[in-house]
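Chain by chain, the residues run as shown.
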Amino acid sequence: MSRFVYADNAATTKMDKDVFEIMIKSLEEDYGNPSSIYKKGRDAKVLIEKARKQVADGIGAKESEIIFTSGGSESDNYAIKGIAKAKANKGKHIISSKIEHHAVLHTLEALSKEGYEITYLDVLENGIIDIEELKKAIREDTILITIMFANNEIGTIQPVEEIGKIARENKIIFHTDAVQAVGHVKVDVNEMNIDMLSMSAHKFGGPKGVGALYIKSGIKPENFIFGGAQERGKRAGTENTASIIAMGAAIEKITSEMEKNTIKVQAMRDKLIDTILEKIPYTRLNGDREKRLPGNVNISFRFIEGESLLLMLDLKGICASSGSACTSGSLDPSHVLLSIGLPHEIAHGSLRLSINHENTMEDVEYILEVLPQVVERLREMSPLYDEINKKG
């Protein structure tokens, strides 16, 4: 192994060093129960409220609008099920898209078994919904629109502000899964007409196992976890103090450095995309070229299998992910890639490289050195590729 390159930051990020130190210190010192009345507990409570303000500031919200959770999946479940139950008397129709994360899709699937009706919007070839189709899907009994901010696989950024405006004009709650967006692109819940937003700390240099749900003032989803009166009675369970404190530190740091990071990361992303498409034949970029996350590169390679590509890249020290769900025990390709119109055989040969500010241009150069060799070697084993070459 000549070099190690971590290029799977959409899956999870390495904890920021400063954030790590803050968390370790908190684990050692801030062990008091935040619900207790003695000083050790009160001190921990103060630090949690500081983190709540940091998270709120990161997305333009009020402190009182932030609920800490165990991560993005819980936040999605809480938002969707909470509104569905709270608004059931008004209606049971929910609008979403076909390219949502499974935390949303499986939650909606569970609600459909309880009598809720779900409309799944198609996306265009670039992975963006058709706003006119959204408008047509709205009904008198529509209670919720849940559409992700940015896609975890192809990096496409949706017209969130416009979606939120349409929802508000029709008096419909708008929830967005912003797990991939927070810390990487500007998020302002007020400017973008967002009513509820999910996020997860480990996507922006914080620890795993902690996230948050933004709930706009005046919106009252039914509680999701019952027990104690933590989080102002909205989410029971003794607070994960050290992780919450680390999440606050992580979002404050990443948002303060976002402009600088974006310039660096986009330059690396664009070099990867341009060079791969130019140097490796029979490739295509998945997702919109411009309206995409700064660090997302998703490319389909014809005549190869994604899982083989991942294994060979791993042998060369490169961590990436595939458009195939094989690692989860399924032989089906990504629902996202199928939704943008890719046939199964091409969707199976997709690669996602997700980079961030921790990566360097040397990392990019190494990927560009290794990837063409790996693709060519795999294609040499393909009878379809051999046939194409003979025809050529």
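Each remark here, short or long, concerns the structure printed above.
J.: Honestly, the sheet that holds strand 9 (residues 283-285) in this entry has me stumped. Any pointers?
T.: Consider a sheet: its strands pair through backbone hydrogen bonds, and that pairing is either parallel or antiparallel. Taken together, the four strands give an open sheet; going across it, the order is 9-10-13-12, and neighbouring strands pair in antiparallel fashion. In this open sheet, the two strands that pair with only one neighbour each are strand 9 and strand 12 (321-322). Along the sheet face, helix 9 (residues 258-279) touches strand 9, strand 10 (296-301) and strand 13 (350-354) and points at about 15° away from the line of strand 10. Along the sheet face, helix 13 (residues 361-379) touches strand 9, strand 10 and strand 13 and points at about 20° away from the line of strand 10.

J.: Explain the pattern of salt bridges to me, please; I cannot follow it from the model alone.
T.: One side chain can pair with another of opposite charge once the charged atoms of both are near each other. Counted by the stated rule, this structure contains 25 salt bridges. Of the charged contacts in the structure, one is a salt bridge between Arg3 and Asp363, with a shortest N-O distance of 2.8 Å. In this pair, Arg3 is assigned in the segment before strand 1 (5-6) and Asp363 in helix 13, connecting sequence segments 360 residues apart. A relative accessible area of 8% places Asp363 in the buried class. Among the salt bridges present, the one from Lys279 reaches Glu278, with a minimum N-O distance of 4.0 Å. Considered together, Lys279 and Glu278 belong to a single accessibility category, that of exposed residues. Members of the salt-bridge network, linked through shared partners, are Lys45, Glu49, Arg52 and Glu231.

J.: I keep staring at the nonpolar core and nothing clicks. Help me out?
T.: Note that soluble globular proteins tend to have their nonpolar side chains buried in a common cluster. Core analysis: the largest hydrophobic core is formed by 62 residues, its most contacted members being Ile59, Ile145, Phe149 and Leu197. Tallying contributions element by element places helix 8 (residues 241-256) first for this core, with eight residues. In this structure, Leu197 is in contact with Ile59, His175, Thr176, Ala178, Val182, Val187, Val189, Ala212, Leu213 and Tyr214, ignoring residues within four places of it in sequence. Core analysis: the second largest hydrophobic core is formed by 31 residues, Val5, Ile304, Val370 and Val375 among them.

J.: Just to check I follow, could you spell out unusual backbone geometry for this structure?
T.: A negative phi holds for most residues other than glycine; trans holds for most peptide bonds. Phi is positive for Arg232, close to 55°, though the residue is something other than glycine. Within the fold, Arg232 resides in helix 7 (residues 230-233). Of note in this structure, Tyr282 is not a glycine but carries a positive phi near 60°. Relative to the assigned elements, Tyr282 resides in the loop between helix 9 and strand 9.

J.: Just checking my understanding: could you explain the pairing of strand 2 (residues 66-69) for this structure?
T.: The side chains of a regular strand alternate, first on one face of the sheet and then on the other. Going residue by residue along strand 2, you find Ile66 and Phe68 tucked away on one face and Ile67 and Thr69 tucked away on the opposite face as well. Here strand 2 pairs with strand 8 (residues 211-215) via four bridges, running antiparallel. Note that in strand 8 the partner of Ile67 across the bridge is Leu213.

J.: Is there a simple way to think about the sheet that holds strand 2 in this case?
T.: Across the sheet, seven strands lie side by side as 2-8-7-6-5-3-4; this open sheet has mixed pairing. Both edges of this open sheet fall to strand 2 and strand 4 (117-121), since each of them pairs with a single strand only. Each strand of the sheet is rotated relative to its neighbour by a mean of 20°, with strand direction disregarded. Bridge count between strand 3 (residues 93-97) and strand 5 (residues 142-146): three bridges; the pairing is parallel. Across the sheet, Ile95 pairs through a bridge with Ile145, a residue of strand 5. Contacts from helix 6 (residues 160-169) reach strand 5 and strand 6 (173-177) within the one sheet, and its direction differs from that of strand 6 by about 155°.

J.: Sorry, what's going on with the packing of aromatic side chains here?
T.: Geometrically, a pair of aromatic rings is defined through the distance of the ring centres and the angle of the planes. In the structure shown here, the tally under the stated rule is two aromatic pairs. Look at Tyr78 and Phe224: their rings are 6.3 Å apart centre to centre, the planes differ by 15°, and that puts the pair in the stacked class. A residue pair is termed long-range when its members are at least 10 positions apart, and Tyr78 in helix 3 (residues 72-86) and Phe224 in the loop between strand 8 and helix 7 qualify at 146 residues. A relative accessible area of 1% means that Tyr78 is categorised as buried. Using a relative accessible area of 30% as the deciding quantity, one classes Phe224 as partly exposed. When the centroid spacing of 5.3 Å and the interplanar angle of 80° are considered together, the rings of Tyr282 and Phe303 count as edge-to-face. Of the two residues, Tyr282 sits in the loop between helix 9 and strand 9 while Phe303 sits in the loop between strand 10 and helix 10 (306-315), which places them 21 residues apart along the sequence. The side chain of Lys92 reaches across the aromatic face of Tyr116, ending 5.0 Å from its centre.

Calculation rules
- Residues numbered from 1 in each chain as written.
- Predicted model: local features only at pLDDT ≥ 70, side-chain atom pairs only at ≥ 80, totals over all residues.
- Heavy atoms only, no water.
- Pairing = 2+ DSSP bridges.
- Helix = DSSP H or I, 4+ residues; strand = E, 2+ residues; numbered from the N terminus.
- Contact = heavy atoms within 4.5 Å.
- Axes fitted to C-alpha atoms, helices over the stretch in contact; angles between N-to-C directions.
- Salt bridge = Lys/Arg side-chain N within 4 Å of Asp/Glu carboxyl O.
- Buried < 20%, exposed > 50% of the residue type's maximum accessible area, 1.4 Å probe, protein only.
- Core = buried A, V, L, I, M, F, W, Y, C linked by side-chain atoms within 4.5 Å.
- Phe/Tyr/Trp six-rings, centres within 6.5 Å; stacked < 30°, edge-to-face > 60°.
- Lys NZ or Arg CZ within 6 Å of the ring centre and 35° of its normal.

Interpretation in functional terms is not warranted from these geometric data alone.
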